[in-house]
Amino acid sequence: WLKPSVCLEFQLPGSACPFFFPCKHSTNLSHTMSASDPLSTGRDDPVNVRPSMKLNKALSSTGMTPNKAKKSYSAGCCGFCKSKPPVEEVDVVLVGGGVMSATVGLMLKQLQPNWKINMYERLGSLAEESSNGWNNAGTGHSALCEPNYTPSKPDGTVDVSKAITVNEQWQLSRQYWAYLKDKNLIDDEFISVTPHMTFAHGEDQIKWLQARYKQLHAHPLFKGMEYSDDPAEMMKWCPVMMEGRAADDKVALTKCDVGTDCDFGALTKELGKAYMKSGGNLMLFHTISGLKKESDGRWLLTVKKNDLGAKKSQVRSKFVFVGAGGWALLMLQKSKIPEIRGFMGFPISGEFLVCQNPAVVDKHPAKVYGKAAIGAPPMSVPHLDKRVISGKHMLLFGPFAGFSPRYLKTGSLLDLLKSVRLHNLIPAAAAGLQNLDLTVYLVKQLLASDNKKFTELLQFIPKAQPQDWLLVTAGQRVQIMKKDPKKIGVLQFGTEVVAAADGSICGLLGASPGASTAVQVALDVLQKCYSKDFKSWEPKIKDMIPSFGTKLSDDEAKFKELHAWTAKSLGIK
């Protein structure tokens, strides 16, 4: 059906003819590799020779094994009525595989090594949602540079109380991670030294920054903070921000050399490995689809999975921690605990501009936070960050707000609709009416063109080039809306632990500072939900986190001692 001469169009020199008939180009050296293509094989090569499947009458139905397998289980009614496995009994269930669940799980295994703890993650790896390096700012939130922790007062001074609280919480995280590093349970590749700076643009912002510096630089937790409005000095601190800036452009900076950049995705994976090494059980591709409280106070959870059995299983647990990011709200609503009544979440996505040009990246070794426009929400604070994600050095600028009704990046388009209940409609409506300006802000962000986003970048990098910056979608944030006795409903920024009165179930709602304060959150969870056991755990907790139960602000000598230890252990300042 095909003339031998046709093979001239296809035949490679030195290989067997693909049309299975002799021609002058064919060769019998089918086992000889071609010098030009050493991976090429011919017709007679052993890897290309096999007997016909028709010759094996006993071949299994899938063709994978040589013999037909004997059925050793009941396939049920046409495969649909398969028997369910027995209910698994455990002490703790962790829902979600992010940094919060990993921290709570590991800490519980260290306090109660004999407890049976199961962690369930719906995706194929830990830290694929909010904890992933691309889905958060990666800032080790210690209030060294974030303006939203130091708001102005009517008298022109600055309230630094929140900044001090956040820094105290950050110190707990540093201590716990240093303890784990010293015990060879984690490595320190997830954290790197990255100076933190606060950027003021214009006379009003400079006055605010000066007042902020005056309040903080003498405080024990913030000692070493520097201020400058000298262009020559600022050029040394962050040259990429000062090159090309007009001489009459009024700017100022504060700098803290002890700042850090954290790849929370890498940290979560390290914590997960330590958790499993300590005896914890991690189940991937498992989704908690239901939970119900039983008469004895324990929780019966339904686990959905794509196994070859009933596709579902059940686990009974004394305690449930929901660290599932935005889905925590939906899970707590399924639990029907009274404490979740009135809560609703408003999902907001984000976008960052990313630069990978080494010529630009190398000129900016810091995280620089600017001040948000008056009335803009805290999550809109613009910042230019040096980041290290999976070992890759780059710069990120943003965030620009976006919208998706999903509560997770890989969630459902129906997430927002599923969260609506009669008990949260009025608080949500009240919170929305009080924040109509934020709705206008969000719409403007959604309609912003690439040119407008680039113009925002020019405020930080006057000589930025459009081709160096690409737009990347970050993770989903779910801002809390909840009941309030005075305002009916409020929109809340930050994080909140919601627990049942009996402590049998607990979940984390909200966003920033989030992962940076995961250790404080874990301690809050244990204290709320294990009040009877907590006293006996305190010696071990203080061994892991020496400043637990104290304020380092009140003991500068202790702060210096612990700060030096954590810096040495983690390879930071």
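Since the model is a prediction, treat every value here as computed from it, not as a measurement. (Residues numbered from 1 in each chain as written. Predicted model: local features only at pLDDT ≥ 70, side-chain atom pairs only at ≥ 80, totals over all residues. Heavy atoms only, no water.)

*Asks:* Hey, could you run me through the pattern of salt bridges in this one?
*Replies:* It is possible for side chains of opposite charge to pair when their charged atoms get near one another. Summed over the entire model, instances satisfying the criterion amount to 20 salt bridges. Residues E88 and K116 are paired through a salt bridge, measuring 3.1 Å at the closest nitrogen-oxygen approach. Highlighted residues: E88 in strand β1 (residues 88-95) and K116 in the loop between α1 (99-111) and β2 (117-121), separated in sequence by 28 residues. Assessed through its relative accessible area of 28%, E88 is described here as partly exposed. Taken together, the shared-partner salt bridges connect E89, E294, D296, R298 and R316 into one network. (Salt bridge = Lys/Arg side-chain N within 4 Å of Asp/Glu carboxyl O. Helix = DSSP H or I, 4+ residues; strand = E, 2+ residues; numbered from the N terminus. Buried < 20%, exposed > 50% of the residue type's maximum accessible area, 1.4 Å probe, protein only.)

*Asks:* So what exactly am I meant to see when it comes to helix α6 (residues 264-277) here?
*Replies:* Because an α-helix packs 3.6 residues into every turn, residues spaced three or four apart end up facing the same way. The end-to-end C-alpha separation of α6 is 20 Å, in line with the 20 Å expected for 14 residues at 1.5 Å each. Along α6, the positions that sit buried rather than exposed are F264, G265, L267, T268, E270, L271, G272, A274 and Y275. Packing partners of the buried residues in α6 comprise β1, α1, β2, α2 (161-182), β7 (260-262) and β8 (281-284). Of the residues that open α6, the one with a side-chain oxygen 3.1 Å from the backbone nitrogen of G265 is D263. Of the residues trailing α6, G279 is marked for its positive phi of about 110°. (Expected span 1.5 Å × (residues − 1). Contact = heavy atoms within 4.5 Å. Polar contact = N/O pair within 3.5 Å; in protein donor to acceptor, adjacent residues only side chain to side chain.)

*Asks:* Even after reading the chapter, I still don't get the pairing of strand β9 (residues 287-293), so can you show me in this structure?
*Replies:* The two faces of the sheet receive side chains in turn, since in a regular strand these alternate between them. Both β9 and strand β10 (residues 299-304) contribute to a ladder of six bridges, which runs antiparallel. Looking at β10, one finds that T287 is bridged to K304. Between the antiparallel neighbours β9 and β10 lie five residues, among them G297 with a positive phi of about 95°. (Pairing = 2+ DSSP bridges.)

*Asks:* Honestly, the packing of α2 against helix α15 (residues 556-570) in this entry has me stumped. Any pointers?
*Replies:* A packed helix pair is summarised by two numbers, namely the angle formed by the two axes and the spacing between the axes. Where α2 meets α15, the axes come as close as 9 Å, and the angle between the chain directions of the two elements is 50°. When the axes of α2 and α15 are compared, the pair comes out oblique. In this structure, α2 meets α15 at a crossing whose hand is left-handed. Contact residues: Q171, R174, Q175, W177, A178, Y179, K181 and D182 in α2; F559, L562, H563, W565, T566, A567, S569 and L570 in α15. (Axes fitted to C-alpha atoms, helices over the stretch in contact; angles between N-to-C directions. Parallel < 35°, antiparallel > 145°, perpendicular 65-115°, else oblique. Left-handed = near helix turned anticlockwise from the far one by under 90°.)

*Asks:* What should I look at first to understand the pairing of strand β6 (residues 251-256) in this one?
*Replies:* Most of β6 is tucked away: six of the six residues are buried. Along β6, one buried face is formed by V251, L253 and K255 and the opposite face, lined by A252, T254 and C256, is buried too. Note: strand β4 (residues 196-201) against β6, six bridges, orientation antiparallel. Among the inter-strand pairings, H196 is bridged to a residue of β6, identified as C256. In terms of strand pairing, strand β5 (residues 226-228) meets β6 through three bridges, oriented antiparallel. Residue E226 lies in a different strand from β6, and its bridge partner there is K255.

*Asks:* Teacher, can you tell me more about the nonpolar core here?
*Replies:* It is characteristic of soluble globular proteins that their nonpolar side chains tend to be buried jointly. The biggest cluster of nonpolar side chains holds 56 residues, and the ones touching the most others in it are M107, L108, Y176, W177, Y530, W537 and I545. Once you skip the residues sitting within four places of it in the chain, W537 turns out to touch L108, L111, Q112, W115, L526 and Y530. Membership of the second largest hydrophobic core comes to 35 residues, among which are V93, I337, L416 and V498. (Core = buried A, V, L, I, M, F, W, Y, C linked by side-chain atoms within 4.5 Å.)

*Asks:* Honestly, the sheet that holds strand β15 (residues 392-402) in this entry has me stumped. Any pointers?
*Replies:* Taken in spatial order, the nine strands of this open sheet run β5-β6-β4-β13-β14-β15-β12-β16-β17, and their pairing is mixed. Every interior strand has two partners, whereas the edge strands, β5 and β17 (488-492), have only one. In this sheet, neighbouring strand axes are inclined to one another by 30° on average, regardless of whether the strands run parallel or antiparallel. Note that strand β12 (residues 344-355) and β15 share six bridges and pair antiparallel. Residue V354 lies in a different strand from β15, and its bridge partner there is L396.

*Asks:* How should unusual backbone geometry be read in this particular structure?
*Replies:* Generally, phi is negative for residues other than glycine and the peptide bonds are trans, each holding for most cases. Following G398, the chain continues to P399 via a peptide bond in cis, the omega torsion being 0°. Within the secondary structure, P399 is located in strand β15. Located in the positive-phi region is A143, a residue other than glycine, with phi close to 65°. By secondary structure assignment, the location of A143 is in the loop between β2 and α2.

*Asks:* I'm lost on the side chain of E146 in this one. Help?
*Replies:* Within the element layout of this structure, E146 appears in the loop between β2 and α2. No salt bridge is formed by the buried E146; its nearest oppositely charged neighbour, R212, is found at 5.3 Å. Of the polar contacts made by the side chain of E146, one reaches the side chain of H141; its length is 2.7 Å. A polar atom in the side chain of E146 sits 3.2 Å from the backbone nitrogen of A143. Residues contacting E146, with those up to four places away along its chain left out, are T139, H141, R212 and Y369. (Lys, Arg positive; Asp, Glu negative; His and termini not counted.)

*Asks:* Explain the state of the cysteines to me, please; I cannot follow it from the model alone.
*Replies:* Defined simply, a disulfide is a covalent bond joining two cysteines at their sulfur atoms. Enumeration according to the criterion identifies zero disulfides in this entry. Left without a disulfide partner, C256 is nearest to the cysteine sulfur of C145, which lies 7.9 Å away. (Disulfide = S-S within 2.5 Å.)

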